[in-house]
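Listed below, chain by chain, are the residues.
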Amino acid sequence: MSDDNPHSSRGSAGKTWLERIASIFSAEPQDISDLEDIISEAASRELIDSDTKSMLQGVLDVSKMRARDIMVPRSQMATIDIEQPVSAFLPILLENNHSRYPVVNEDKDHVEGILLVKDLLQYALDPNQTDWHIREFLRPAVIIPESKRVDALLKEFRQKRYHMAIVVDEYGGVSGLVTIEDILEQIVGEIEDEHDDEEDNDIKKMASRVFQVSALTPLDEFNESFNTTFDEEDADTIGGIVLHAFGHMPERGESIQLGDLTFKVSKANSRRLLQLQVIKAKESVMTEDAGS
């Protein structure tokens with residue numbers, strides 16, 4: 001009996017596992033759902049950890065995305081006018097802390113090029129350098145359509161060694177921009193650099209009733225700041241509370257009201273909420289003002 005069936009049940013299961021992987025790659029399937037199943041099974045068998053699973057899923061998600069899905073929208077683009085003197089646009093550089101800025105002529109539909117801050121600093125900070133113009137430092141702007149595949153764009157970023165692309169709609173108008181960091185964040189999650197202050201960025205007041213709130217803000221901190229009573233047994237962060245209330249992964253711009261607060265998704269990817277706009281009701285603000 002054992003000679004007729006020399007493989008143990010454990011060996012048979014292992015062979016099936018290997019055969020499934022081999023068949024997927026040899027057949028070059030059009031549908032990546034098979035790969036997603038393999039990744040989920042590998043995680044359930046603890047062959048990979050949750051972080052690895054998340055990154056692999058991010059890679060697969062990127063293959064489905066277009067530039068329009070991850071771009072920084074036109075309204076949020078930090079740009080420099082080509083006719084501005086250094087004294088006028090230096091505050092923009094200090095406020096945003098980006099390494100690259102689109103340089104425009106009159107409006108955002110007319111992008112003249114890309115300014116790398118490092119190209120400018122040696123001249124801007126030298127009082128003896130007076131005979132120069134920002135045009136001298138511009139690098140060509142890469143223009144891509146909204147329908148550009150994100151995985152193909154990442155390949156171009158790596159091969160051609162550029163880090164930013166301007167996204168245009170079907171009529172040629174600028175609709176946003178994409179950086180290589182935007183793509184990588186879809187795979188590995190939010191990337192924080194030395195300019196990101198986690199504590200300061202958790203809750204930021206934008207207007208009398210409007211706040212910018214990180215979705216990862218601990219729920220106890222949010223409750224204390226907004227005088228709310230969201231149950232900490234339901235979620236650890238305010239993003240978890242909002243996601244549960246939606247009942248699905250919301251897209252940028254979707255909003256929901258919870259009590260006296262309106263939550264609008266200002267930044268998210270296919271797997272998690274990143275940034276929320278929180279708007280207090282007028283009555284709530286009036287009550288606070290009266291009690292202060």
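Scroll up for the structure.
Attention here is on the structure that accompanies the text.

Cut-off values and rules
- Residues numbered from 1 in each chain as written.
- Predicted model: local features only at pLDDT ≥ 70, side-chain atom pairs only at ≥ 80, totals over all residues.
- Heavy atoms only, no water.
- Buried < 20%, exposed > 50% of the residue type's maximum accessible area, 1.4 Å probe, protein only.
- Helix = DSSP H or I, 4+ residues; strand = E, 2+ residues; numbered from the N terminus.
- Arc of directions from axis to C-beta.
- Contact = heavy atoms within 4.5 Å.
- Pairing = 2+ DSSP bridges.
- Phe/Tyr/Trp six-rings, centres within 6.5 Å; stacked < 30°, edge-to-face > 60°.

In an α-helix, one full turn covers 3.6 residues, which means residues spaced three or four apart are oriented alike. Val-150, Leu-153, Leu-154, Glu-156 and Phe-157 are the residues of helix α7 (residues 150–160) that are buried. The arc enclosing the buried residues of α7, seen along the axis, measures out at 160°, which places them on a common side. When the buried face of α7 is taken as reference, the exposed residues oriented beyond 90 degrees from it are Arg-158 and Gln-159. Where the residues of α7 are buried, they touch α3 (50–62), α4 (67–70), β5 (143–145), β6 (164–168), β7 (174–179) and α8 (180–188).

Let us look at the sheet that holds strand β2 (residues 80–81). With respect to topology, 3 strands assemble into an open sheet ordered β2-β3-β4, the strand pairing being mixed. Both edges of this open sheet fall to β2 and β4 (107–116), since each of them pairs with a single strand only. Sheet analysis places β2 next to strand β3 (residues 100–105), joined by 2 bridges and oriented parallel. Across the sheet, residue Asp-81 finds its bridge partner in β3, namely Val-104.

In this structure the tally under the stated criterion is 6 aromatic pairs. Seen in terms of ring centroids, Phe-211 and Phe-226 are 5.1 Å apart; in terms of plane orientation they differ by 75°. Their pairing is edge-to-face. Linking Phe-211 in strand β9 (residues 210–214) with Phe-226 in helix α10 (residues 219–226), this pair joins segments that are 15 residues apart in sequence. Residue Phe-226 is classed as buried on the basis of its relative accessible area of 6%. Both rings, one in Phe-222 and one in Phe-230, keep their centres 6.1 Å apart while their planes meet at 40°; by these two values the pair is tilted. Residue classification places Phe-222 among the buried positions, given a relative accessible area of 0%. Feature note: the residues Phe-211, Phe-222, Phe-226, Phe-230 and Phe-263 constitute an aromatic cluster, connected by ring pairs.

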